Amino acid sequence: MIKLENINKIYNQSRPNEFHALKNISLHVSEGELIILKGVSGSGKSTLLSIIGSLIKPSSGSVVIDNQSIAKLPDLHASVFRADKLGFIFQSFNLFEELSVAENITTPLIHKSITPKELKDKTATAMNTAQIQHKANTQVKLLSGGEKQRCAIARALVNSPKVILCDEPTANLDAKNSKIFIKTIKKLHDDGKTIVIATHDSIFDSIDAKIINIQNGTIV
Amino acid sequence: MIFLSNGVIVFLFIETLLLILLSVAFINVLTILKSWNFEATTTKQYILEKRSYLVLLIIFFTLSFKIILLPYFAYMIDTLSDVVPGAMCAAGVINANKYGVWLLWLKIFILFLVGIWIILNHYDLKAENYPFFKKKLWLFILIFALIAGESVLDILYLKNISTKSIVSCCSSIYGASGISNPIPFDLHVNELLALFYLLFTLSITTAIYRFKFFSLLSNIAFLYIAYYAVVYFFGTYIYELPTHLCPFCMLQSGYYYIGYFIWGTLFLGTFFGMSVSIIEYLTDIDLSRLFRYSIIFNTTFILICSTYVLLYYIKNGVFL
Amino acid sequence: MPNKLFLNFLFLLLYKHRVKHLSIFFISTLIVFILSSVLLLSHALQEDIKQTLKSQPEFTIQKMRGGRSVDVPLFWADGFESIEGVVDVEPRVYGEYFYEPNEHHFTIVGIDFFELAHSKKLKKIISDIDIKKFLSKPNMIIGQGVKAFLDRYHFFDYYVFRPPDRSKIEVNIYDYFPKESSLVSNDMIIMDIDLARQILGVDEDEATDFALYSPNELEADNIKIKLILQHFDTRIIQKSDIQKAYDKLFNYKGGIFLILYMIVLLTFMMILYQRYSMIQSSDKKEIGILRALGWSIKDVIVLKIGESFIVAIFAFLLGFILAFIYVFFLNAPLLGAIFYGYSNLPTDIVLNKSVDFSAVFLLFLFYILPFMAAVLIPAWRSSVIDPLEAMR
Ligand SMILES: Nc1ncnc2c1ncn2[C@@H]1O[C@H](COP(=O)(O)OP(=O)(O)OP(=O)(O)O)[C@@H](O)[C@H]1O
Ligand SMILES: [Mg+2]
């Protein structure tokens with residue numbers, strides 16, 4: 001499902017503050033696999049995740065996801081790729097605070113040509129899976145941390161993505177909510193989603209997953 | 001006198017603004033063309049790709065305004081006929097000095113290139129590797145050069161319109177001058193008409209059977225003959241006066257602005273008829289589905305024209 | 001193309017950022033308001049003048065001596081009547097009567113009530129009065145400006161004129177002009193032609209000028225040539241010349257205004273550019289999120305431009321509506337004075353609500369294009385931000 005070959009990422013190339021963030025990373029993830037990227041702060045986890053998510057482009061190497069090469073995809077196509085195949089979950093939730101839960105969840109669907117009914121169905125399904133349907137019309141800024149994270153999960157699921165990328169998903173959650181999150185991840189894993197989680201939270205040790213350690217931009 | 005009316009002031013202001021914007025795009029195009037290499041994975045290339053969005057944005061913005069501005073130009077010239085002595089409609093004003101006619105043709109030609117650019121851009125963005133990127137930028141440079149020339153002509157033309165010396169009105173510009181026949185190839189009006197419908201049939205046929213190159217040729221011929229057919233035949237039915245020969249008067253409110261529709265559909269119909277083979281030459285993409293639009297617009301054009309003749313016949317029982 | 005969901009989202013964001021757009025919205029509204037007021041007013045005035053000119057004679061003929069116009073002898077009329085195409089020749093008596101204490105003057109127009117007047121407006125006024133009663137003693141009909149002026153000096157029923165021969169003529173105020181016609185007749189007084197002769201000091205066998213009527217505009221040029229041939233000491237004023245002079249005046253006044261206005265617009269563009277170039281980190285974050293969620297750079301640009309566009313459109317509508325109210329319901333205080341500066345008495349006008357839609361379109365182009373041109377680059381700049389950096 002995810003195939004990385006010899007990925008390098010150099011920030012600020014040929015400038016004084018040049019920084020080699022990823023070095024020759026090769027990684028294969030098959031469909032339905034659950035991967036945990038571990039590593040200290042600054043090791044390059046977020047960078048790697050963003051390259052998989054086509055948010056940034058590698059300085060060299062190839063990225064193939066679901067048989068589509070995305071390393072050099074122009075933005076117009078990369079965005080379609082993200083909208084169709086990816087779901088993002090972030091540490092700081094990254095929700096629109098002033099909008100309601102339902103409005104937040106529909107944002108990834110805005111540029112897709114779907115009927116209002118489809119939209120409603122998809123939003124409802126995603127909210128059910130993430131167990132946030134009871135807050136559908138509440139403004140996000142009024143939610144608790146755990147609820148915000150569930151809203152973010154629903155948003156990541158609303159486009160029925162094949163791949164879900166999580167960057168430090170539990171860093172802002174308490175133990176109880178972290179457990180709920182892990183339960184949801186397990187459920188998604190059982191549903192056959194390919195999931196990549198970047199974290200250094202030891203709570204993930206309890207999951208049955210392939211663990212990949214990153215140090216200074218290389219896999220060890 | 002350059003500021004002939006408030007309309008002219010606004011027109012020049014808008015043209016200047018657009019030219020400034022286009023210059024910004026032009027400078028960016030030059031830097032992009034200089035080091036564009038789609039295969040490269042350097043930061044520089046990605047910066048250029050981002051920059052290309054600015055260029056596209058500006059081009060898209062200005063060119064859409066250009067499209068609105070051509071009919072507006074015609075309208076403005078038409079209203080100037082109140083200021084220019086002797087002029088009854090845009091014909092007199094356009095012919096007020098030697099630049100007018102050239103300016104008008106240049107504007108139409110630019111619009112034609114703009115149309116091609118828009119289609120080219122569409123297919124370039126549709127592909128995953130910017131296949132026509134350089135071509136479309138070069139085409140833009142050509143358009144930019146022409147627009148710069150257009151601005152110079154704009155100023156020369158408007159500056160040299162005199163509000164004192166009397167210009168001819170349309171009937172003396174387009175009317176038969178007695179000795180020579182103004183219709184090309186010395187055709188009689190009936191022959192002109194026959195040729196007109198023949199070329200229309202030809203352009204439709206080539207469009208249906210997708211003979212791209214022949215469609216180009218037949219649409220060029222159709223455009224040329226249709227112009228004369230409208231001025232020397234259909235126009236007289238629009239004006240309901242056999243001696244009124246003018247391509248511009250029909251733009252006036254007295255004729256319900258029908259001129260904009262007539263010339264607009266003719267432009268669009270022949271544009272799509274011609275552009276297919278031009279764009280295919282540039283890109284190797286099969287665009288025959290665009291022929292559909294050629295058929296639609298050319299047919300609309302001919303229906304509008306013929307309806308006037310028919311209506312006149314029904315109302316009066318005779319032809320002019 | 002923006003669909004309903006997108007527009008919905010756009011409005012949500014706009015509402016959320018309303019404070020940020022507020023200042024721009026107010027400035028734009030003000031700019032549109034001023035520009036549309038000027039355009040609406042000048043168009044309405046032009047229409048008013050056009051209406052008045054419609055009933056004016058095709059030609060006005062004055063006798064000239066040494067470059068100044070003097071009274072014309074009445075017998076000239078016979079010669080003019082013989083010209084083909086001329087249907088009526090009307091000797092007219094009118095002139096300015098200066099009111100001593102102030103530097104103001106009235107325009108006195110004498111009318112021969114037995115010859116049918118050609119001016120539709122006059123006809124309408126005359127049709128309402130009893131001519132016999134009107135002529136039974138010195139009577140006059142006065143414009144609104146004259147009325148206001150005389151009221152100030154407590155001449156409510158009559159006024160005493162002092163003709164050149166130093167006599168006193170007391171004239172009754174019979175009626176007033178309706179307000180709608182006030183632009184042309186604001187300082188006008190209408191009275192019997194012989195009375196006007198006395199007050200203005202015009203000889204009995206003379207008139208101020210001749211008005212020639214001809215129904216066919218196409219014949220005008222021919223008539224003009226024949227008129228020129230009849231007398232060498234005449235000045236011939238054609239209706240179309242007056243029309244053109246007025247048009248030029250308005251174009252000129254409007255033109256100066258427009259050029260001033262362009263400077264304002266350019267300044268406004270710079271303000272816009274600066275305002276929208278300030279990208280706060282919260283804005284950056286929003287854009288980063290959207291991009292991660294599958295929005296392209298293009299989508300974000302459309303969003304940003306859409307925001308500005310909606311602000312611009314609403315400002316335009318509001319500004320235009322306000323201008324409409326200002327000009328047609330409040331009669332354009334302050335601004336009006338600039339435009340009818342040529343009348344010597346204060347004007348109190350009710351304008352006809354006529355709007356020139358091509359001018360509105362022009363106005364829209366003139367405003368929306370600089371507006372959008374100024375936000376293009378800021379919109380692009382904020383949309384190409386690195387999403388990863390933006391969300392950090
Ligand atoms: N735009 C950038 N320019 C320069 N350096 C950068 C940039 N983005 C990231 N880096 C550097 O790259 C390295 C890897 O960053 P990254 O965000 O991938 O780390 P991380 O493993 O996610 O860390 P954390 O656990 O703190 O989130 C860091 O040292 C960071 O300073
Ligand atoms: Mg990180």
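Numbers given for residues are sequential positions, taken from 1 along each chain in its written order. The order in which chains are written sets their letters, starting at A; the order in which ligands are written sets their numbers, starting at 1. With pLDDT at 70 or above as the cut-off, local features in this predicted model cover only qualifying residues; side-chain atom pairs require 80 or more to be listed or tallied, and sums for whole chains, interfaces and linings still use all residues. The side-chain figures draw on all heavy atoms in the structure; neither hydrogens nor water molecules are used.

1. So, helix 6 (residues 175-190) of chain A
Residue and element names in this part refer to chain A. What counts here: To qualify as a helix, a DSSP run of H or I must reach at least 4 residues; to qualify as a strand, a run of E must reach at least 2; elements of each kind are numbered from the N terminus. Every helix has an expected span of 1.5 Å times one less than the residues it contains. Note on exposure labels: buried denotes an accessible area under 20% of the residue type's maximum, exposed denotes more than 50%, and partly exposed covers the range between, all computed with a 1.4 Å probe on protein chains only. Summarising the geometry, the arc corresponds to the directions from the helix axis toward the C-beta atoms. Contacts between residues were defined by any pair of non-hydrogen atoms, one from each residue, lying within 4.5 Å.
When the terminal C-alpha atoms of helix 6 are compared, their 23 Å separation across 16 residues agrees well with the 22 Å that a helix rising 1.5 Å per residue should span. Taken as a whole, helix 6 has its buried residues at Asn177, Ser178, Phe181, Ile182, Thr184, Ile185 and Leu188. When helix 6 is viewed along its axis, its buried side chains cluster within an angular range of 160° and face the same direction. More than 90 degrees from the buried face of helix 6, the exposed residues found are Ala175, Lys176, Lys179, Lys183 and Asp190. Those residues of helix 6 that are buried are in contact with strand 3 (34-38), strand 6 (86-89), helix 4 (116-130), helix 5 (145-157), strand 7 (163-167) and strand 8 (194-199). Once helix 6 finishes, Gly192 follows within two positions and takes phi at roughly 95°, a positive value.

2. Considerations on empty space enclosed by the protein
Remark: the empty space left among the atoms is shown by a probe the size of a water molecule rolled over them. Operational definition: Using only the protein atoms, space was sampled on a 1 Å grid; points where a 1.4 Å probe fits but cannot get out form cavities, open sets with protein on both sides within 12 Å along at least five of seven lines form pockets, and lining residues are those with an atom within 4 Å of a point. Grid points are joined across faces, edges and corners, and a volume is the space filled by probe spheres set on the points. Classification convention: Asp, Glu, Lys, Arg as charged; Ala, Val, Leu, Ile, Met, Phe, Trp, Tyr, Cys, Pro as nonpolar; all other residues, Gly among them, as polar.
Going through the model one piece at a time under the given rule, you end up with six cavities of 30 Å³ or more. One number sums up the size of the largest cavity: a volume of about 130 Å³. Forming the boundary of the largest cavity are 14 residues, of which Lys20(C), Tyr276(C), Lys304(C), Ala379(C) and Ser382(C) lie nearest the centre. Those elements that provide at least two residues to the lining of the largest cavity are helix 2 (18-54), helix 11 (281-292), helix 12 (297-329) and helix 14 (357-383) of chain C. The element that contributes the greatest number of residues to the lining of the largest cavity is helix 14 of chain C, accounting for four residues. Looking at side-chain class alone, the lining of the largest cavity contains seven nonpolar, three polar and four charged residues. The calculated volume of the second largest cavity comes to roughly 90 Å³. Phe11(B), Glu15(B), Lys66(B), Leu69(B), Leu70(B), Phe73(B), Lys107(B), Ile110(B), Leu111(B), Val114(B) and Glu150(B) are the residues that line the second largest cavity. At the level of secondary structure, the elements contributing two or more residues to the lining of the second largest cavity comprise helix 1 (6-35), helix 2 (43-80) and helix 4 (99-126) of chain B. Broken down by class, the residue content of the lining of the second largest cavity amounts to seven nonpolar, no polar and four charged.

3. Concerning the domain arrangement of chain B
All names here are of chain B. Quick reminder of the rule: Domain limits in this description derive from either an automatic procedure or a database domain assignment. For any pair of parts, buried area is found by adding up, for both, the accessible area (1.4 Å probe) each one loses once the two are put together. Any carboxyl oxygen of Asp or Glu within 4 Å of a side-chain nitrogen of Lys or Arg constitutes a salt bridge here. The definition of a polar contact used here is a pair of N or O atoms within 3.5 Å, where within protein one atom must be able to donate a hydrogen and the other to accept one, and adjacent residues in sequence count solely through side-chain atom pairs.
Domain parsing of chain B yields domain 1 (2-159) and domain 2 (170-316). For domain 1 versus domain 2, the separation of C-alpha centres amounts to 25 Å. The partner domain 2 presents 23 residues to the 22 residues of domain 1 that form the contact. Of the roughly 1900 Å² buried at the junction of domain 1 and domain 2 (both faces included), carbon and sulfur atoms supply 80%. Contact with domain 2 buries area across many residues of domain 1, yet Phe112, Ile119 and Tyr123 alone supply 27% of it, more than any other trio. Counting across the interface, domain 1 meets domain 2 through zero salt bridges. Linking domain 1 to domain 2 there are four residue pairs in polar contact (both at pLDDT 80 or more). Breaking the side of domain 1 that touches domain 2 down by element, the ones donating at least two residues are helix 2, helix 3 (90-94) and helix 4. In terms of residue count, helix 4 provides more of the side of domain 1 that touches domain 2 than any other element does, nine residues in total.

4. Describing the environment of Gly254(C)
All names here are of chain C. You can see Gly254 is positioned in helix 10 (residues 239-277). Judged by relative accessible area, which is 8%, Gly254 ranks as buried. The spacing of Gly254 and Ala373 is 119 residues in sequence and 24 Å in space, taken between C-alpha atoms.

5. Description of the nonpolar core
Here is the rule: By nonpolar core is meant a set of buried Ala, Val, Leu, Ile, Met, Phe, Trp, Tyr and Cys residues that side-chain atoms within 4.5 Å join together.
Among the nonpolar cores identified, the biggest contains 224 residues, and Tyr157(B), Phe248(B) and Phe371(C) are the most heavily contacted of them. Considering each element in turn, this core owes the most residues, 18 residues, to helix 2 of chain B. Look past the residues within four positions of Tyr157(B) in its chain and what remains in contact with it is Phe73(B), Ile77(B), Val93(B), Ile94(B), Asn97(B), Tyr99(B), Gly100(B) and Leu103(B). Listed in part, the 39 residues of the second largest apolar core include Val89(C), Phe106(C), Ile142(C) and Ile199(C).

6. A look at the site of ligand 1
All names here are of chain A. Heads up, the condition is: In this text, near means that some heavy atom of the residue lies within 4 Å of the molecule or strand in question.
Neighbouring ligand 1 are 16 residues, the closest being Ser41, Gly42, Lys45, Ser46 and Thr47. Gly42 places a polar main-chain atom, nitrogen or oxygen, 2.8 Å from an oxygen atom of ligand 1. For ligand 1, an oxygen atom lies 3.3 Å from a polar atom in the backbone of Ser43. Among the secondary structure elements, those contributing two or more residues to the shell around ligand 1 are strand 2 (19-29) and helix 1 (45-52). No other element matches helix 1, which puts three residues into the shell around ligand 1.

7. Quick look at the sheet that holds strand 6 of chain A
Residue and element names in this part refer to chain A. Selection criterion: Pairing between strands is defined by DSSP: at least two bridges between them are needed.
Read across the sheet, six strands follow the order 6-7-8-3-9-10 without closing on themselves; strand pairing throughout is mixed. Of all the strands in the sheet, just strand 6 and strand 10 (218-219) have a single pairing partner and so form its edges. Pairing analysis gives two bridges linking strand 9 (residues 210-215) to strand 10, with the strands arranged antiparallel. Across the sheet, Ile214 pairs through a bridge with Ile219, a residue of strand 10.

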